[in-house]
Amino acid sequence: MIKRIIIFIMLGLMAMIFFNLASNYVENESLLKLGRYYAEKGPQELGAPNLVTAVVVTYRGLDTLGEVTVLFISAAGVGLLLRRTRRKQNDEDLEKADRREERAGVHKPASEIVETATQLLLPMVILFGIYVFINGHLSPGGGFQGGAIIASGTMFLLLALPESHISRILIAVTESLSGFSYVVIGVLGVILAGGFLDNRILGLGEYGDLFSAGAIPLIYCFIGLKVGFELSAVLDRFRKDDTGPEKT
Amino acid sequence: MYISILVLLTLVLCAGILLSALLAVILKNNVGAIVSAGLASLFASVVYVVLAAPDVAMTEASIGSGLTTMIFLYAIRKTQGIDTTSRENK
């Protein structure tokens, strides 16, 4: 009973907060000070047509690093919680066990329609993901979006061909390398240019070219690879050993 | 009162978000609830496109309605047996 009353009081408070927000809402007529600085100086300083991603990677680069770290921690947490109960000493043994499991056909096969459609669409989905993060400084999207699209490709693959094998070692190596290179680029910014994650360590190039805007495309490639492989690893973890809960 | 088509579309989509979110809470069937939660974020991603935020829309569509739904489905399959046994123990 008391629990119910508390819940209703909380709901009432939430409603008050949102009512205040909604009733006091006025649309901004002009950009705020910081926004105006970004909009005016951003294109000259960064050389990227897509201002959103430029701000995300350079001015707010530290936040992006934080986001990548959060994602990494959550992926590591999933890996820790869903670790195999069987005692296996190293990764190679795990890989062998996975292959054996896959040969034995533990997982239910998908329908033919899903399988065929996936074989048709999967390369395109992956290619689109790569396109999105390479063109992060030109068109909407960026490392996170591209990585998420690549992970959706992995999702398709796991849906259609549950037996397919994803190399755990490849995932670990790519993910760590790209995360490491991202931080290295950030530190290079301190040494060669204005500060941590400054994109002007490389030439700005022609405005609107694929190879322009300094280090932004490079950083986005690393973020995209890292996010894509991380999310794929999370999906893979959830798939493995999902023949049902253990009987205890 | 004059309402432009864009505003109308946004309102309809927002109603869609609210409805599917409500369904996700109400539905007793787990899989149905998960699918309607995914539907809510699909509607949300269309709203982002209409409101000229394609970057956010991409993330919402692929993570919110794709990956999260999938991970929830996997999690349900993993925990199905555990749920019933704990209920029996009570």
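What you see is a predicted model; the values in this text were computed from it and never measured. (Residues numbered from 1 in each chain as written. Chains lettered and ligands numbered in written order. Predicted model: local features only at pLDDT ≥ 70, side-chain atom pairs only at ≥ 80, totals over all residues.)

A. Spotlight on the overall build of chain B. Looking only at helices and strands, chain B features 3 helices and 0 strands. Burial statistics for chain B: of 90 residues in total, 28% are counted as buried. A separation of at least 24 residues holds for 43% of the contacts in chain B among residues at least 6 apart in sequence. (Helix = DSSP H or I, 4+ residues; strand = E, 2+ residues; numbered from the N terminus. Buried ≥ 20, exposed ≤ 12 C-beta atoms within 10 Å, placed from the backbone. Contact = placed C-beta atoms within 7 Å.)

B. Quick peek at the overall build of chain A. The secondary structure content of chain A amounts to 9 helices and 0 strands. Seen in sequence order, chain A has helices and strands lined up from the N terminus as α-α-α-α-α-α-α-α-α. Taking the contacts inside chain A whose residues are at least 6 apart along the sequence as the reference set, 71% of them involve residues at least 24 apart.

C. Region of interest: the packing of helix α6 (residues 112-134) of chain A against helix α7 (residues 143-160) of chain A. All names here are of chain A. The geometry of α6 relative to α7 is characterised by a closest axis approach of 8 Å and an angle of 165° between their N-to-C directions. Between α6 and α7, the angle falls in the class roughly antiparallel. Two packed elements cross with a definite hand, and for α6 against α7 that hand is left-handed. In this structure, α6 uses V114, E115, T118, L121, L122, V125, I126, F128, G129, I130, V132 and F133 to contact α7, whose residues at the interface are G143, Q145, G146, G147, I149, I150, S152, G153, F156, L157, L159 and A160. Residues of the contact of α6 with α7, tallied by class, amount to 15 nonpolar, 8 polar and 1 charged. (Axes fitted to C-alpha atoms, helices over the stretch in contact; angles between N-to-C directions. Parallel < 35°, antiparallel > 145°, perpendicular 65-115°, else oblique. Left-handed = near helix turned anticlockwise from the far one by under 90°. Nonpolar A, V, L, I, M, F, W, Y, C, P; charged D, E, K, R; others polar.)

D. Broad picture of the interface of chain A and chain B. Contacts between the two partners involve 18 residues from chain A, matched on the other side by 17 residues from chain B. The residue inventory of the side of chain A that touches chain B, partitioned by class, reads 11 nonpolar, 5 polar and 2 charged.

E. Region of interest: the environment of A:A233. All names here are of chain A. Position of A233 relative to the elements: it lies in helix α9 (residues 216-239). Its 22 C-beta neighbours within 10 Å are what place A233 among the buried residues. With 181 residues separating them in the primary sequence, A233 and V52 have C-alpha atoms 28 Å apart.

F. Main features of unusual backbone geometry. Not every positive phi belongs to a glycine, and B:A52 is a case in point at roughly 65°. By secondary structure assignment, the location of B:A52 is in the loop between α2 (30-50) and α3 (54-89).

G. Geometry of the confidence of the model for chain A. All names here are of chain A. Averaged over chain A, the pLDDT score is 79; the fraction of residues at 70 or greater is 83%. Across chain A, the secondary-structure element scoring lowest on mean pLDDT is helix α5 (residues 91-104), at 64, and the one scoring highest is helix α1 (residues 2-23), at 91. Note on residues 242-248: pLDDT is under 50 here. Beyond four places in sequence and across chains, it has 10 contacts. (pLDDT = per-residue confidence, 0-100.)

H. Structural view of the environment of A:N199. Residue and element names in this part refer to chain A. Tracing the sequence through the fold places N199 in the loop between α8 (168-192) and α9. For the pair formed by N199 and R239, sequence separation is 40 residues and the distance between their alpha carbons is 39 Å. Not counting residues up to four positions away in its chain, the partners in contact with N199 are L46, V57, T58, A213, G214, A215 and I216.

I. Main features of the nonpolar core. A:A148, A:I216, A:I219, A:I223 and A:L235 are the most contacted members of the largest nonpolar core, which totals 44 residues. Going through the elements one at a time, α2 (33-46), α3 (51-59), α4 (61-81), α6, α7, α8 and α9 of chain A together with α3 of chain B are the ones with two or more residues in this core. Once you skip the residues sitting within four places of it in the chain, A:L235 turns out to touch A:A151, A:T154, A:M155, A:L158 and B:M70. By size, the runner-up hydrophobic cluster in this structure holds 11 residues, among which are B:A37, B:A40, B:A44 and B:A61. (Core = buried A, V, L, I, M, F, W, Y, C linked by C-beta atoms within 7 Å.)

J. Looking closely at the confidence of the model for chain B. All names here are of chain B. Per-residue pLDDT for chain B has a mean of 83; in total, 87% of the residues score no lower than 70. At the low end of the mean pLDDT range in chain B sits α3, at 76; at the high end sits α2, at 90. Confidence over residues 85-90 falls short of pLDDT 50; this stretch has 0 contacts with residues more than four positions distant or in other chains. Interface confidence in the predicted complex, given as ipTM, is 0.76; pTM for the same model is 0.77.

K. Broad picture of the environment of A:S181. Tracing the backbone through its elements, the reader meets A:S181 in helix α8. Overall, the presence of 16 C-beta atoms within 10 Å leaves A:S181 in the partly exposed class.

L. Examining the packing of α2(A) against α3(A) more closely. Residues and elements named next belong to chain A. Following both chains from N to C, one finds α2 and α3 inclined at 75°, their axes separated by 10 Å at the closest point. As far as their axial angle goes, α3 and α2 are roughly perpendicular. Between α2, through Y38, A39, G42, P43 and L46, and α3, the contact on the second element is made entirely by L51, A54, V55, T58 and Y59.

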